[in-house]
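Observations on the model geometry
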Amino acid sequence: MRWYLKLLPPLFLLLIWEVASILINNPFILPTPASVISVLMTPSADILGSGSIIDNALLSIWRVILGFGLAVLCAVPAGIIIGRYRTIDELLNPLIQLLRPIPPLAWVPLALAWFKIGLASIVFIIFIGSFFPVLINTIDGVRRVNRTWIETALIYGAKGWKLLVYVIIPAAAPAVWTGLRVGFGVAWMCVVAAEMLPGTTSGLGYLIMYSYNWGQVPVIIAGMIVIGIIGIGADLLFRGVEKRKFQWQEMNR
Amino acid sequence: MAGDEQMTVVIQNVGKIFETRTRDPVIALDDISFEIQKGEFIAILGPSGCGKTTLLRMIAGLDTPTTGSILVEGKPVTGPDPRLAMIFQEYSLYPWRTVRANVAFGLQMRGMEKEERNRITDRFIRLVGLDGFADSYPYELSGGMRQRVAVARALATDPAVLLMDEPFGALDAQTRNRMQKELLEIWESARKTVVFVTHSVDEAVYLADRIIVLSPRPGRLSAIYDVSFSRPRDRTSVEFASLRRDVLELIDHLEESQ
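These lines cover the structure that appears in this document, whether it is placed above or below. The model shown is predicted, which means the values in this text are computed figures rather than measured ones. (Residues numbered from 1 in each chain as written. Chains lettered and ligands numbered in written order. Predicted model: local features only at pLDDT ≥ 70, side-chain atom pairs only at ≥ 80, totals over all residues.)

With that out of the way, let us pick up the overall build of chain B. Helix and strand counts for chain B stand at eight helices and ten strands. For a compact globule of 258 residues, the expected C-alpha radius of gyration is about 18 Å, and chain B comes in at 18 Å, within 12% of that figure. Its C-alpha atoms give chain B principal-axis dimensions of roughly 55 × 45 × 45 Å. For chain B, with 258 residues in total, the buried portion stands at 44%. (Helix = DSSP H or I, 4+ residues; strand = E, 2+ residues; numbered from the N terminus. Rg over C-alpha atoms; globule rule 2.2 N^0.38 Å. Buried ≥ 20, exposed ≤ 12 C-beta atoms within 10 Å, placed from the backbone.)

Further remarks concern the sheet that holds strand E4 (residues 67–72) of chain B. One open sheet accounts for four strands, arranged E2-E1-E4-E5 (chain B); its pairing is antiparallel. At either end of the open sheet lies a strand with only one pairing partner, and these are strand E2 (26–36) and strand E5 (75–76) of chain B. (Pairing = 2+ DSSP bridges.)

Now for the interface of chain B and chain A. Tallying the contact residues gives 20 residues for chain B and 15 residues for chain A. Within the residue set of the side of chain B that touches chain A, elements represented by two or more residues are strand E6 (84–87) and helix H3 (105–109) of chain B. Class assignment for the residues of the side of chain B that touches chain A results in 16 nonpolar, three polar and one charged. (Contact = placed C-beta atoms within 7 Å. Nonpolar A, V, L, I, M, F, W, Y, C, P; charged D, E, K, R; others polar.)

Our next topic: the nonpolar core. Ranked by size, the top nonpolar core spans 138 residues in total, and within it Ile126 of chain A together with Ile59, Leu163 and Val195 of chain B carry the most contacts. Sequence-distant contacts of Leu163 of chain B, defined by excluding residues within four places in its chain, comprise Leu56, Ile59, Ala60, Leu84, Ala85, Met86 and Val195 of chain B. (Core = buried A, V, L, I, M, F, W, Y, C linked by C-beta atoms within 7 Å.)

Let us now look at helix H6 (residues 173–190) of chain B. Residues and elements named next belong to chain B. Taking 1.5 Å of rise per residue, 18 residues should cover 26 Å, and H6 covers 25 Å from first to last C-alpha, within 8% of that figure. Listing the buried residues of H6 in full gives Arg176, Met179, Gln180, Leu183, Ile186 and Trp187. Down the axis of H6, the sector holding all buried residues measures 135°, keeping them to one side. When the buried face of H6 is taken as reference, the exposed residues oriented beyond 90 degrees from it are Gln174, Glu188 and Ser189. The inward-facing, buried residues of H6 contact strand E3 (41–45), helix H4 (114–127), helix H5 (143–156), strand E8 (193–198) and helix H7 (201–207). Positive backbone phi, at 50°, marks Arg191, one or two positions downstream of H6. (Expected span 1.5 Å × (residues − 1). Arc of directions from axis to C-beta.)

All names here are of chain B. With burial as the criterion, each face of E6 is covered, one bearing Leu84 and Met86 and the other bearing Ala85 and Ile87. Bridging between E6 and strand E7 (residues 161–165) involves four bridges; their strand directions are parallel. Note on E7: the bridge partner recorded for Met86 is Leu163.

The next subject is the sheet that holds strand E10 (residues 220–226) of chain B. Residue and element names in this part refer to chain B. Overall, mixed pairing links the six strands, which are arranged E6-E7-E8-E3-E9-E10 in an open sheet. Of all the strands in the sheet, just E6 and E10 have a single pairing partner and so form its edges. Taken pair by pair, the neighbouring strands of this sheet meet at an average axis angle of 20°, ignoring direction. (Axes fitted to C-alpha atoms, helices over the stretch in contact; angles between N-to-C directions.)

Another aspect to go through is the packing of helix H2 (residues 33–41) of chain A against helix H10 (residues 217–245) of chain A. Residue and element names in this part refer to chain A. Interaxial distance between H2 and H10 falls to 8 Å at its minimum, and their mutual angle equals 60°. Regarding the angle of H2 to H10, the classification is oblique. By crossing handedness, the relation of H2 to H10 is classed as right-handed. Taken together, the residues of H10 that come into contact with H2 (itself represented by Ser35, Val36, Val39 and Leu40) are Pro218, Val219, Ile221, Ala222 and Ile225. In the contact of H2 with H10, the residues fall into eight nonpolar, one polar and no charged. (Parallel < 35°, antiparallel > 145°, perpendicular 65-115°, else oblique. Left-handed = near helix turned anticlockwise from the far one by under 90°.)

Any two packed helices are characterised by the angle at which their axes cross and by the distance between the axes. All names here are of chain A. Where helix H8 (residues 160–194) contacts H10, the axes come no closer than 10 Å and their chain directions differ by 170°. One way to sum up the angle between H8 and H10 is to call them roughly antiparallel. Between H8 and H10, the contacting residues are Trp177, Leu180, Arg181, Phe184, Gly185, Trp188 and Val192 on the first element and Ile227, Ile230, Gly231, Ala234, Asp235, Phe238 and Glu242 on the second. Here the residues of the contact of H8 with H10 sort into nine nonpolar, two polar and three charged.

Moving on, we get to the environment of Arg217 of chain B. Residue and element names in this part refer to chain B. Tracing the backbone through its elements, the reader meets Arg217 in the loop between strand E9 (210–215) and E10. Note on Arg217: 16 C-beta atoms within 10 Å, which makes it partly exposed. Counting along the chain gives 92 residues from Arg217 to Ile125, while the straight-line C-alpha distance between them is 40 Å.

This brings us to helix H1 (residues 8–24) of chain A. Residue and element names in this part refer to chain A. Its 17 residues give H1 an end-to-end C-alpha distance of 24 Å, which sits within 8% of 24 Å, the value for a rise of 1.5 Å per residue. With respect to burial, H1 is a largely exposed element, only zero of its 17 residues being buried. Phi turns positive, to about 55°, at Asn25, one or two residues after H1.

The next point concerns unusual backbone geometry. Arg217 of chain B connects to Pro218 of chain B through a cis peptide bond whose omega is -5°. Topologically, Pro218 of chain B is positioned in the loop between E9 and E10. Put simply, Arg231 of chain B and Pro232 of chain B share a cis peptide bond, and its omega is -5°. Position of Pro232 of chain B among the secondary structure elements: in the loop between E10 and helix H8 (238–256). The phi angle at Asn25 of chain A is positive, at roughly 55°, despite the residue not being glycine. Within the fold, Asn25 of chain A resides in the loop between H1 and H2. The class for Asn25 of chain A is exposed, based on 10 C-beta atoms found within 10 Å. Here Glu166 of chain B, not a glycine, exhibits a phi torsion of approximately 40°, which is positive.

As a further point, take the environment of Asp89 of chain A. All names here are of chain A. Assignment of secondary structure puts Asp89 in helix H4 (residues 86–99). Residue class for Asp89 comes out partly exposed when judged on the 16 C-beta atoms lying within 10 Å of it. Separated by 116 residues in sequence, Asp89 and Gly205 place their C-alpha atoms 37 Å apart.

Spatial relationships are all this shows, so hold off on functional conclusions.
Shown next, in the form of structure tokens:
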């Protein structure tokens, strides 16, 4: 499809929005697109004393990097071990299956009880949210490593860490990377939700919640758009690496 | 066969029983014995279910015999072994590695320095006729070229025995014939002992010095054929046709008596 055709639906939405805002004629319910765009055009301007959009976005990104990074550091090694050793897999699988469906936000009260309000709670929620996608994909990737690849390596004398470094990890890398991409997406959703918790005083989630309290609906919508753009940007980044690094996966027969 | 000449591979009363959880144990192989001379090209032939791949895997050290023993150069095989190299039917190349890195894999695992590794690797890439493709990835190659990479990778480690498990089974007929011819040329120049598993009678008669025929369920040694006529073999010759007919009849008979 031609790229400009893909611009039509957003433009159509913008048109409906414009018409609706004129009909409703109440900026506290639906501000005009122009007022939102004017907020977006000045992303470094301070908003009601709680910092600019850029400041808050960077803070949210930093929190995600902390929580997500911690989750990756734990989930990838754990996934490799679980994927490699059947007994450990059988031992831990029921526990993983039990914990996995609990939404990250259901951990909020516990997070507050353990870490109080602040960075640690938010990072913990992000950690929980991104841990499982990364873990599950890593386990799956390691478990599905082509048997012939492993046997070939054994025949050529690769054992232990050599087998791991030269065969298992590169073979599982595309699946792990998919886990990272999904995990990062979840982490990004978690940070915004976690920042809406009472007591938080910064971040994009906080900014749009705070703007609601002050009736700044254009800022709410502008914040949402920024959240969406950063999410899509991260996803494209992950996919870009996937395409360049792991093209062997799709083309391998 | 001179009696004092040490056999490269000795298979003594080898049997394999697979334990299953749900059904009775399956006897895959029963009391197989034969010997392979240095430099010999052996084909192991049989209908599906005769355990020919299992036998090859046991020689490679990937499976252990339930009974009997396998000796390579006088020493028993107890696990994957640097004296042996195996070429699988497919999916054995590492798709994230270039041709050169694939061929170098075995040498790298043995801790060889990069410089020497590259020198040896380039020689074997040339030997299998893939110069110019050293930096390509497996997905950029045809099926036949991929198997040549696998052959180069195996030869680069200088094994005593080359084990091949239906290496050309996934190729189209034309490529297959060409690969057989090239394999013989490589075998003649590299002077390796080859054990070649196949279910194609034609392939066995074309390639092998001796053909070992296994019967199915349980896999037993049914016959050993000496293929005495010289290479390159003419598929349309009378002797070729007559041996092929004999072996085919035996295999048909083995399958019918199931």
